[in-house]
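Observations on chain architecture
Listed here are the chains, written in short residue letters.
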Amino acid sequence: MNTALLVIDVQESFRHRPFFTKDDLPAYLAAQNALIAGAAAHGVPVVRIFHRAGPETPDNPFSAASGRVRPLAGLAAFEATATFTKSRHSALVGTGLDVWLTQHGIGRLIVSGIRTEQCCETTTRHASDLGWQVDFVPEATLTWDMQQPDGRPLAAADIVARTATVLTGRFATLCTVDEALARAGAPVAA
């Protein structure tokens, strides 16, 4: 199998951030869980990535001391083929993931997880620049509303649309869950 699914930062840490809402969570979890189940059924390696950063104190939800660097409630339990912990936006910086992917002959990545415009987008761009083909699955990513520099609101749906727009054709192929799973068995072009 030359494809791997990356499940990026799907962790309880986010429930303890001030921007967290459950608004888009059910749809996201349905897509993410379907992608994981489909990957497992097709024999696609599922790679779990956690984010740990900041001070190692109980009040920092991204520290091991908080106990929140663990799978997000509602994410279906799965046996990860490999697990990596990162402290940067790209899952390929300082984790050994790039070495693992190369050693396992992985040529295509399916990117999913939290946050769409941060760790998912950054990992996608980085992976593309390093030569991996990337399938980006917007419905299997999650983000939240933000405030623009001028104070105007920016809806999560607009952030996802913007991310998809800047990635497609340059850094990734946009896919639905079903499309990504269908492509997982296709050969990777040289």
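Located above this text is the structure these notes cover.
Okay, so let's go over this structure. None of the values given here were measured: they were computed from a predicted structure. (Residues numbered from 1 in each chain as written. Predicted model: local features only at pLDDT ≥ 70, side-chain atom pairs only at ≥ 80, totals over all residues. Heavy atoms only, no water.)

Here we take up the layout of surface pockets. As a volume, the largest pocket reaches approximately 180 Å³. Lining the largest pocket, in full, are Asp 9, Phe 14, Arg 17, Phe 19, His 51, Phe 62, Ser 87, Arg 88, His 89, Arg 115, Gln 118 and Cys 119. Tallied by class, residues from the lining of the largest pocket come to 4 nonpolar, 4 polar and 4 charged. (1 Å grid on protein atoms, 1.4 Å probe; cavity = no way out; pocket = protein on both sides within 12 Å on 5 of 7 lines; lining within 4 Å. Points joined across faces, edges and corners; volume = space filled by probe spheres on them. Nonpolar A, V, L, I, M, F, W, Y, C, P; charged D, E, K, R; others polar.)

Bringing the pairing of strand E5 (residues 133-142) into the picture now. Counted residue by residue, E5 has 8 buried out of 10 residues, so it is predominantly covered. As paired strands, strand E4 (residues 108-114) and E5 are joined by 6 bridges and run parallel to one another. Bridge pairing links Leu 109 to Val 134 in E5. Following the chain from E4 across helix H3 (residues 116-129) to the adjacent parallel E5, one finds a crossover that is right-handed. Pairing between E5 and strand E8 (residues 173-174): 2 bridges, direction parallel. Bridge assignment links Asp 135 to a residue of E8, and that residue is Thr 173. (Buried < 20%, exposed > 50% of the residue type's maximum accessible area, 1.4 Å probe, protein only. Helix = DSSP H or I, 4+ residues; strand = E, 2+ residues; numbered from the N terminus. Pairing = 2+ DSSP bridges. Right-handed = clockwise from strand over helix to strand, strands pointing away.)

Quick look at the packing of aromatic side chains now. Tallied over the full model, the rule gives 5 aromatic pairs. Pairing Phe 14 with Phe 62 gives two aromatic rings, centres 5.2 Å apart and planes at 80°, and the pair type is edge-to-face. With Phe 14 in the loop between strand E1 (3-8) and helix H1 (25-41) and Phe 62 in the loop between strand E2 (46-51) and strand E3 (82-86), the pair connects residues that are 48 residues apart, well separated along the chain. Each member of the pair, Phe 14 together with Phe 62, is buried. Summarising the aromatic geometry, the rings of Phe 20 and Trp 144 are spaced 5.5 Å apart at their centres and angled 50° between planes, so their arrangement reads as tilted. A residue pair is termed long-range when its members are at least 10 positions apart, and Phe 20 in the loop between E1 and H1 and Trp 144 in the loop between E5 and strand E6 (146-147) qualify at 124 residues. Relative accessible area serves as the criterion here: at 3%, Trp 144 is assigned to the buried category. Among the aromatic residues, those joined into a ring-pair cluster are Phe 14, Phe 19, Phe 20, Phe 62 and Trp 144. The cationic tip of Arg 48 hangs over the ring face of Phe 78; the distance from NZ or CZ to the ring centre is 4.0 Å. Positioned above the aromatic ring of Phe 19, the side-chain terminus of Arg 115 is 4.4 Å from the ring centre. (Phe/Tyr/Trp six-rings, centres within 6.5 Å; stacked < 30°, edge-to-face > 60°. Lys NZ or Arg CZ within 6 Å of the ring centre and 35° of its normal.)

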